[in-house]
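So you can see what is in the structure, the chains are spelled out below.
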Amino acid sequence: IATLRRAWVVDTDTGREVFAVPADGSTAALSKDGSKVVTGGYLGPLTLWDVRSGERLGTFGQAGFSSLAVQFSEDERTLVVIGSQGSGVLLYDIASGREQLALRGHEAPVRGASLSRDGSRLASYAADGTVRVWELSPRGEVAGFELKPGAYTADGVDFASGRATAYVFGGELR
């Protein structure tokens, strides 16, 4: 859970707080195994933490960097970051902390992104209703389309959850 001032992890079985740090933004993501959390948001770089020890493991981005959302890849080797101010979708190598790839191509701000389970493709959604599907190796956009208001099921795309349903209301994905 994250707010502008604090990020914390709660054990859902016991309701106990198991990790907390002061936060400088409102973005947080927990690794699949629950051992790491990344925090950040509007006011600076993202920070990777060890949940058990509270140790800072690394940072991603730079001073002035702003992110709207972050997620771990399925194999937990890559961070997918939705940047603000036209920076698109950024992929960071967790081990080195270095930016691996910047996906830019939307004409409006990116509002969401999802990696395929095998990490080979990423779909991104922008405020103008466009969706871009990116092939990550070799790099490049492989498909693009615009969503009109309605409900959509992406049976042919292997999003992180294995399936995806998108509801679009007045240009916003929900």
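Residues numbered from 1 in each chain as written. Predicted model: local features only at pLDDT ≥ 70, side-chain atom pairs only at ≥ 80, totals over all residues. Heavy atoms only, no water.

Caption draft 1: Looking closely at the sheet that holds strand β10 (residues 99-103). Taking strand neighbours across the sheet as the criterion, the 4 strands line up as β7-β8-β9-β10 in an open arrangement whose pairing is antiparallel. Whereas interior strands pair on both sides, the edge strands pair on one side only; in this sheet they are β7 (67-72) and β10. Sheet twist, expressed as the mean angle between neighbouring strand axes with direction ignored, is 20 degrees. (Pairing = 2+ DSSP bridges. Helix = DSSP H or I, 4+ residues; strand = E, 2+ residues; numbered from the N terminus. Axes fitted to C-alpha atoms, helices over the stretch in contact; angles between N-to-C directions.)

Caption draft 2: The arrangement of the packing of aromatic side chains in detail. Applying the stated criterion across every chain, the model contains 2 aromatic pairs. Ring centres of F19 and W49 lie 6.2 Å apart, and the angle between their planes is 55 degrees; on these two criteria the pair is classed as tilted. Of the two residues, F19 is situated in strand β2 (residues 17-22) and W49 in strand β5 (residues 44-50); the sequence distance between them amounts to 30 residues. Across this residue pair, the class does not change: F19 and W49 are buried. Measuring from centroid to centroid gives 5.7 Å for F60 and Y92, while their planes differ by 70 degrees, and the two rings are edge-to-face. Of this pair, F60 sits in strand β6 (residues 56-60) while Y92 sits in strand β9 (residues 89-93); the two residues are 32 residues apart in sequence, bridging distant segments of the chain. Pair check on accessibility: F60 and Y92 agree, each one buried. (Phe/Tyr/Trp six-rings, centres within 6.5 Å; stacked < 30°, edge-to-face > 60°. Buried < 20%, exposed > 50% of the residue type's maximum accessible area, 1.4 Å probe, protein only.)

Caption draft 3: Structural view of the sheet that holds strand β4 (residues 36-41). Across the sheet, 4 strands lie side by side as β3-β4-β5-β6; this open sheet has antiparallel pairing. Two strands bound the open sheet, and with one partner strand each, they are β3 (27-30) and β6. For this sheet the average axis-to-axis angle between neighbouring strands, irrespective of direction, equals 20 degrees.

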